[in-house]
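Structural features, examined
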Number of protein chains: 2
Amino acid sequence: MGLVAVDWGTSSLRGALIGDDGRVLEEKSAPRGILTVPAGQFAAVFDSLFAAWMQPAGRLCLISGMAGSQQGWAEAPYETCPAGLADLARRLCWIESGRIAIVPGLCDERDGVPDVMRGEEVQIFGAIRLTGMTNGLFVLPGTHNKWATVREGRVTGFRTCMTGEFYSLLSQHSILARTLQADAALDEAAFRRGVACTGNGEGLLHNAFGARTLGLFRRMPPTALASYLSGVLIGEEMRAQPLQGIREVVLIGAPALTARYALALKTVGIDVRALGAEATWAGAYALHTVLNAGHSR
Amino acid sequence: MGLVAVDWGTSSLRGALIGDDGRVLEEKSAPRGILTVPAGQFAAVFDSLFAAWMQPAGRLCLISGMAGSQQGWAEAPYETCPAGLADLARRLCWIESGRIAIVPGLCDERDGVPDVMRGEEVQIFGAIRLTGMTNGLFVLPGTHNKWATVREGRVTGFRTCMTGEFYSLLSQHSILARTLQADAALDEAAFRRGVACTGNGEGLLHNAFGARTLGLFRRMPPTALASYLSGVLIGEEMRAQPLQGIREVVLIGAPALTARYALALKTVGIDVRALGAEATWAGAYALHTVLNAGHSR
């Protein structure tokens, strides 16, 4: 019967038609993130994009991401960590029984402060399937990055870091924006210098200011300052993670971004395995397999 | 002869007419920060505001702040730390010999990354004069906060923290802005909870996200979230400072802001002495005294 997998995010969506053997037969993307869809129009947008793929009777569609949020198609629950694929399968939010379901997000909590993800959970389970790593640290860089700990194939906990959003705010709207050239290519030496400086214990609120003064004193050219700032942010993020005893992490995300995390992690002696969209499709397929293996739709 | 002191900042300026005994006779402020003054117009703006005060022949005016930057009236040097009042007096940048001078800023450096202040140095020397504390930690909250260490009446080093600018960016332009009520009054309990959470070692990039999830899960009302975020930022800033063995710090700034730092510092057992604009005038007067005591104009 195959499977349709959709990662429906805030600003865009991606879909894949997946064969019974797990192979991706076709992919598409559209700038129809949930913020572009008026309330009540999700079914119509879905049909306009995926009606052809959903033609065969009995074909299942699994949707992950912000489509399951309050502002999405239907509010799917958050499954509490630790959580495995079977937990997600049990808590699917069915839009049409047996045909279209939204995958629950995950939540975690520490000291009374909740944390949440929507969509990344499917990518993590896909990465577990693709790498065979059922224990480890899985890192998903983006606007709001997730660092998830996996034990015996279950997500035992995770933390969100607003690194991508901080970078965007600082490089475009802060005093740093006056001197740094935001669209310059990655300068690896400047990036590594930014990562290294976060070892000084002075904190992000101070270290970010270096991207101003290094420019002011002409110690670094405008084309290198954005890379330095990026290094300061990613270095700061990295040092707050539970990296003790870790020798390899799994990175899932856009190649330009995972490459930066790979560079940063290498400075502290950690290797990476980097995955892209294939993790999403593998995760949806793995969930589909669990569903077929015993859970009624 | 008295003295005219001007703190000429980026977006506004303040001036005071100070008597020979150091008492402030008159004060004024104007929305004529350096960004509002076209190149070549600084003398005209100065005259329009201070001509009357400068009437008596031989009266001196000392200007501190961003008026000494590249974009200001004239570029004044940075004096390298450690620096005392006599160093500032020696390095004055005279606009009109013996009549109008710009006070140099200070610079410090660590691991090849410079740090700078312009204007705060005069406030610090004023605070030393007013409190009699010639050794200690002096904190100047604002958009770009300064934490300065003073030994035997000299500034031996300092760090800038972009806390005020981060708060403004996050509360107005980030995803947090969607749920928090930026203009709500300070909620002391939420603020203290934010400060406390920074002790978890998870870092600002993660802890700031709590201001989103606490709202999302209705654990904190929108009116408290801005205070929580403010606590997270100030707590993060505070924990990166050299507070070991410190029992009291001097705070210089606007009362609404120094009150928050006092609350945060109290949670780690540190008392404060808070000063406002009087520190600027006392600093200019102290510099004037040093000048008169032996340095030729």
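Residues numbered from 1 in each chain as written. Chains lettered and ligands numbered in written order. Predicted model: local features only at pLDDT ≥ 70, side-chain atom pairs only at ≥ 80, totals over all residues. Heavy atoms only, no water.

1. Some remarks on helix α8 (residues 222–239) of chain B
The condition that has to hold: Strands here mean DSSP runs of E at least two residues long; helices mean DSSP runs of H or I at least four residues long; both are numbered from the N terminus. Multiplying one less than the number of residues by 1.5 Å gives the expected span of a helix. Throughout this description, buried means an accessible area under 20% of the type-specific maximum (1.4 Å probe, protein chains only), exposed means over 50%, and partly exposed covers the range between.
End to end, α8(B) covers 26 Å across 18 residues, agreeing with the expected 26 Å (1.5 Å per residue, within 8%). The buried fraction of α8(B) is high, at 15 of 18 residues.

2. Looking at the relation of the copies chain B and chain A
Note on the chain copies: they are related by a rotation about an axis and a translation along it. Definition in use: Least-squares superposition of the copies uses the C-alpha atoms of those residues scoring a pLDDT of at least 70 in each of them. Whether two residues are in contact is decided by their heavy atoms: any pair within 4.5 Å suffices.
Note on the copies: chain B fits chain A at an RMSD of 0.0 Å, the axial shift is 0.0 Å, and the rotation between them is 180 degrees. Such values leave the two copies arranged in the relation of a two-fold axis. Using C-alpha coordinates, one finds that chain B approaches the rotation axis most closely at Leu169(B), a distance of 3.4 Å. By residue overlap, the copies meet face to face through one surface: 100% of the interface positions of chain B are interface positions in chain A.

3. Points about the interface of chain B and chain A
To be explicit about the condition: When two parts are put together, the accessible area they lose, computed with a 1.4 Å probe and summed over both, is reported as buried area. Basic side-chain nitrogens of Lys or Arg form a salt bridge, by our definition, when they fall within 4 Å of a carboxyl oxygen of Asp or Glu. Here a polar contact is taken to be a pair of N or O atoms separated by no more than 3.5 Å, where protein atoms must pair a possible hydrogen donor with a possible acceptor and residues adjacent in sequence count only if both atoms sit in side chains. Gly falls in the polar group here, along with every residue not listed as nonpolar (Ala, Val, Leu, Ile, Met, Phe, Trp, Tyr, Cys, Pro) or charged (Asp, Glu, Lys, Arg).
On the chain A side, the residues contacting the 48 residues of chain B number 48 residues. Across the chain B to chain A interface the summed buried area is about 4200 Å²; carbon plus sulfur atoms make up 64%. In this structure, the connection of chain B to chain A is made through 6 salt bridges. Taking the shortest distance from any N to any O, the salt bridge between Arg110(A) and Glu202(B) comes out at 2.6 Å. In this structure, the connection of chain B to chain A is made through 20 residue pairs in polar contact (both at pLDDT 80 or more). Of all the elements, helix α4 (residues 163–173) of chain B adds the most residues to the side of chain B that touches chain A, at 6 residues. Tallied by class, the residues present in the side of chain B that touches chain A amount to 22 nonpolar, 13 polar and 13 charged.

4. Topic: empty space enclosed by the protein
Residue and element names in this part refer to chain A. Applicable threshold: Buriedness of a pocket was judged along seven lines, with at least five required to meet protein on both sides within 12 Å; pockets are open sets of points on a 1 Å grid over the protein atoms alone, cavities are sets where a 1.4 Å probe fits but cannot get out, and lining residues have an atom within 4 Å of a point. Grid points are joined across faces, edges and corners, and a volume is the space filled by probe spheres set on the points.
Here the structure, examined in full by the defined rule, presents 3 cavities of 30 Å³ or more. Estimated volume of the largest cavity: approximately 50 Å³. Lining the largest cavity are Ala 5, Val 6, Asp 7, Leu 62, Ile 63, Ser 64, Val 103, Val 122, Thr 280, Trp 281, Ala 284 and Leu 287. The biggest single contributor to the lining of the largest cavity is helix α10 (residues 278–292), with 4 residues. When its residues are assigned to classes, the lining of the largest cavity shows 9 nonpolar, 2 polar and 1 charged.

5. Some words on the pairing of strand β9 (residues 113–117) of chain B
Consecutive residues of a regular strand have side chains that alternate between opposite faces of the sheet. Residues and elements named next belong to chain B. Test applied: One requirement defines pairing of two strands: DSSP has to find at least two bridges between them.
Within β9, 5 of the 5 residues are buried, which leaves it mostly tucked inside the rest of the structure. Of the two faces of β9, the one carrying Val 113, Asp 115 and Met 117 and the one carrying Pro 114 and Val 116 are both buried. Examined bridge by bridge, strand β8 (residues 105–110) and β9 share 5 bridges and lie antiparallel to one another. Residue pairing across strands places Asp 108 opposite Asp 115, the latter belonging to β9. The hairpin turn running from β8 into β9, its antiparallel successor, is 2 residues long, and Asp 111 in that turn takes a positive phi close to 50 degrees.

6. Quick notes on the packing of aromatic side chains
Where we set the bar: Planes of paired rings set the category: under 30 degrees apart is stacked, over 60 is edge-to-face and the rest tilted, where pairs are Phe, Tyr or Trp rings (Trp by its six-membered ring) whose centres lie within 6.5 Å. In this scheme, Lys NZ or Arg CZ marks a charge over a ring once it lies within 6 Å of the ring centre and within 35 degrees of the ring normal.
Per the counting criterion, the structure on display carries 15 aromatic pairs over all chains. On the numbers, 5.9 Å between centres and 70 degrees between planes, the contact of Trp8(B) with Trp73(B) is edge-to-face. One end of the pair, Trp8(B), is in strand β1 (residues 3–8); the other, Trp73(B), is in the loop between β4 (60–64) and β5 (78–80), and 65 residues separate them in sequence. With respect to burial, Trp8(B) and Trp73(B) carry one shared label: buried. Each residue in the set Trp8(A), Phe42(A), Phe46(A), Phe50(A), Trp53(A) and Trp73(A) is aromatic and connected to the rest through ring pairs, giving one cluster. Looking at Lys28(B), its charged tip hangs above the ring of Trp53(B), at a distance of 5.4 Å from the centre. Over the ring of Tyr78(B) we find Arg118(B); its NZ or CZ atom is 4.2 Å from the centre of that ring.

7. Let's talk about the state of the cysteines
What counts is decided by this rule: Count a disulfide wherever a pair of cysteine sulfur atoms falls within 2.5 Å.
A full pass over the atoms with the stated rule returns 0 disulfides over all chains. Summary of cysteine pairing: Cys61(A) is not part of a disulfide, and the nearest cysteine sulfur, belonging to Cys93(A), is at 13 Å. By relative accessible area, Cys61(A) is classed as buried at 0%. No disulfide involves Cys81(B); its nearest neighbouring cysteine sulfur is the one of Cys107(B), lying 7.0 Å away.

8. Focus: the packing of helix α3 (residues 120–131) of chain B against helix α10 (residues 278–292) of chain B
Residue and element names in this part refer to chain B. The condition that has to hold: Note on definitions: angles span 0 to 180 degrees between N-to-C directions of axes, and those axes are lines fitted to C-alpha atoms, for helices only across the stretch in contact. In this scheme, roughly parallel covers angles under 35 degrees and roughly antiparallel covers those over 145, while 65 to 115 is roughly perpendicular and the rest are oblique.
Packing of α3 against α10 brings their axes to within 6 Å, and their N-to-C directions diverge by 90 degrees. The angle between α3 and α10 falls in the class roughly perpendicular. Residues Val 122, Gln 123, Phe 125, Gly 126, Ala 127, Arg 129 and Leu 130 of α3 touch α10, and the partners they reach there are Glu 278, Ala 279, Thr 280, Ala 282, Gly 283, Ala 284, Tyr 285 and Ala 286. Considering only residue class, the contact of α3 with α10 consists of 9 nonpolar, 4 polar and 2 charged.

9. A word on the environment of Tyr78(B)
Residue placement: Tyr78(B) occurs in strand β5. Along the backbone, Tyr78(B) and Phe217(B) are 139 residues apart, and their C-alpha atoms lie at a distance of 49 Å. Excluding residues that lie within four positions of it along the chain, Tyr78(B) makes contacts with Leu216(A), Phe217(A), Arg91(B), Gly105(B), Leu106(B), Cys107(B), Val116(B), Met117(B) and Arg118(B).

10. Structural notes on the sheet that holds strand β8 (residues 105–110) of chain A
Residues and elements named next belong to chain A. Reading across from one edge, β5-β8-β9 is the order of the 3 strands in this open sheet, with mixed pairing throughout. Taken across any chain shown, the strands that pair with only one partner, and hence form the sheet edges, are β5 (78–80) and β9 (113–117). Put simply, the sheet's adjacent strands are angled 35 degrees from each other on average, direction ignored.

11. Regarding the environment of Gly210(A)
For Gly210(A), the location among the structural elements is in helix α7 (residues 210–216). Put simply, Gly210(A) and Gly22(A) are 188 residues apart on the chain and 48 Å apart in space, counted from C-alpha to C-alpha. Beyond its immediate sequence surroundings of up to four residues, Gly210(A) is in contact with Tyr228(A) and Val113(B).

12. Things to note about the nonpolar core
Nonpolar side chains in soluble globular proteins tend to be buried together. Basically, it comes down to this: As used in this record, nonpolar core signifies buried Ala, Val, Leu, Ile, Met, Phe, Trp, Tyr and Cys residues forming a set joined through side-chain atoms within 4.5 Å. Domain segmentation is taken from an automatic or database assignment of domains.
Membership of the largest hydrophobic core comes to 84 residues, with the highest contact counts inside it found for Phe166(A), Leu204(A), Tyr228(A), Phe166(B), Leu204(B) and Tyr228(B). When residues of this core are assigned to domains, at least three map to each of domain 1 (3–130 + 278–292) and domain 2 (163–275) of chain B. Among all residues touching Tyr228(B), those that are not within four sequence positions of it are Val113(A), Ala190(B), Phe191(B), Arg193(B), Gly194(B), Cys197(B), Asn207(B), Gly210(B), Ala211(B), Leu214(B) and Met220(B).

13. With respect to unusual backbone geometry
Here Cys81(A) and Pro82(A) are connected by a cis peptide whose omega angle stands at 0 degrees. Considering the arrangement of structural elements, one finds Pro82(A) in the loop between β5 and α2 (85–90). The backbone of Asp111(B) sits at a positive phi, close to 50 degrees, despite the residue not being glycine. Relative to the elements of secondary structure, Asp111(B) occurs in the loop between β8 and β9. The phi dihedral of Glu152(B) is positive, around 50 degrees, even though this residue is not glycine. Mapped onto the secondary structure, Glu152(B) falls in the loop between β11 (145–151) and β12 (154–161).

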